[in-house]
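Close look at the chain arrangement
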Amino acid sequence: GAVVSQHPSWVICKSGTSVKIECRSLDFQATTMFWYRQFPKQSLMLMATSNEGSKATYEQGVEKDKFLINHASLTLSTLTVTSAHPEDSSFYICSASDSLNAPRNIQYFGAGTRLSVL
Amino acid sequence: LAKTTQPISMDSYEGQEVNITCSHNNIATNDYITWYQQFPSQGPRFIIQGYKTKVTNEVASLFIPADRKSSTLSLPRVSLSDTAVYYCLVGEKGGATNKLIFGTGTLLAVQP
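Notes on the structure follow.

Cut-offs and rules
Residues numbered from 1 in each chain as written. Chains lettered and ligands numbered in written order. Predicted model: local features only at pLDDT ≥ 70, side-chain atom pairs only at ≥ 80, totals over all residues. Heavy atoms only, no water. Disulfide = S-S within 2.5 Å. Helix = DSSP H or I, 4+ residues; strand = E, 2+ residues; numbered from the N terminus. Contact = heavy atoms within 4.5 Å. Buried area = accessible area lost by both parts, 1.4 Å probe. Salt bridge = Lys/Arg side-chain N within 4 Å of Asp/Glu carboxyl O. Polar contact = N/O pair within 3.5 Å; in protein donor to acceptor, adjacent residues only side chain to side chain. Nonpolar A, V, L, I, M, F, W, Y, C, P; charged D, E, K, R; others polar. Phe/Tyr/Trp six-rings, centres within 6.5 Å; stacked < 30°, edge-to-face > 60°. Buried < 20%, exposed > 50% of the residue type's maximum accessible area, 1.4 Å probe, protein only. Lys NZ or Arg CZ within 6 Å of the ring centre and 35° of its normal. Core = buried A, V, L, I, M, F, W, Y, C linked by side-chain atoms within 4.5 Å.

Let us now look at the state of the cysteines. Residues and elements named next belong to chain B. Counted under the stated rule, the structure contains two disulfides over all chains. Across a sulfur-sulfur distance of 1.9 Å, Cys 22 and Cys 88 are joined as a disulfide pair. One quick way to see it: the torsion about the S-S bond of Cys 22 and Cys 88 is about 45 degrees, and its sign makes the bridge right-handed. With Cys 22 in strand E2 (residues 18-23) and Cys 88 in strand E8 (residues 84-92), this residue pair connects regions lying 66 residues apart in the sequence.

Listed by partner, the interface residues are 17 residues for chain A and 16 residues for chain B. A buried area of about 1400 Å², summed over both sides, lies between chain A and chain B, and 55% of it is on carbon and sulfur atoms. Across the chain A-chain B interface, the total number found is zero salt bridges. The tally of links from chain A across to chain B stands at seven residue pairs in polar contact (both at pLDDT 80 or more). Among the secondary structure elements, those contributing two or more residues to the side of chain A that touches chain B are strand E4 (32-38), strand E9 (90-97) and strand E10 (108-109) of chain A. Counting residues per element, the side of chain A that touches chain B draws most heavily on E4 of chain A, which supplies three residues. Residue classes in the side of chain A that touches chain B are distributed as nine nonpolar, five polar and three charged.

Under the defined criterion, the tally for this structure stands at 12 aromatic pairs over all chains. Where Tyr 36 of chain A meets Phe 102 of chain B, the ring centres are 5.4 Å apart and the plane angle is 85 degrees; that geometry is what we call edge-to-face. Highlighted residues: Tyr 36 of chain A in strand E4 and Phe 102 of chain B in strand E9 (residues 99-102), drawn from two different chains. The burial state of Tyr 36 of chain A is the same as that of Phe 102 of chain B; both residues are buried. Where Tyr 87 of chain B meets Phe 102 of chain B, the ring centres are 5.9 Å apart and the plane angle is 90 degrees; that geometry is what we call edge-to-face. Taken together, the residues span a long stretch of sequence, with Tyr 87 of chain B in strand E8 and Phe 102 of chain B in strand E9 at a distance of 15 residues. For the pair formed by Tyr 87 of chain B and Phe 102 of chain B, the shared burial category is buried. Taking NZ or CZ as reference, Arg 68 of chain B lies 4.0 Å from the ring centre of Tyr 51 of chain B, over its face.

Quick look at the nonpolar core now. By size, the foremost hydrophobic cluster in this structure holds 24 residues, and its most contacted members are Trp 35, Phe 67, Leu 79, Tyr 92 and Leu 115 of chain A. Setting aside residues no more than four positions away along its own chain, Tyr 92 of chain A makes contact with Gln 6, Ile 21, Tyr 36, Arg 37, Met 47, Phe 67, Leu 79, Gly 112, Thr 113 and Leu 115 of chain A. Judged by nonpolar contacts, the second largest core, of 20 residues, contains Ile 27, Ile 47, Leu 75 and Val 110 of chain B.

In structure tokens:
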């Protein structure tokens, strides 16, 4: 149980294009989803938190117009990197938790998406 | 906000017990402490979670002192496949809502 699927696992795009990353909870209702960014040899940095049906809450320093997050259903959240530039190249990871029904809000993570912007 | 810190790396041999500590001086009163394992180019995998004292499951134990300002993940009898980065995750006090902070991570290298 508690499987989170993230797609694609890696993507290469040209500078200026937009990239969409999907995160799905396969066997539980993800009332809360999180998006993280991780640079090589560094820890995970929280970008935003989204609750189903609500606007995402972005961490300080994260541009909400650049990183569009949609959490329209209890099993799907998407992160769209708009007008990507080389400095956006990173490892993006989503996680999900059933914050309403499961105690302790354990986060279950997707496998991550490696984004390379040329 | 105080950083949630861990030793950068640890070395061990197969069959040994490994203890990894995390310092979280600013932990929120009502938040749990969670530990994750991460392999290269993969998402973190849940290991164990606790609030206070000691928690044990089939893969690890978690020791939390009374002041909750630190925690120790204990891995019994490690194997080569336990080579990975280990992170603690805590909620830190910060304004209206607690802020989830991953620790700095500890790279555990297990040798034969």
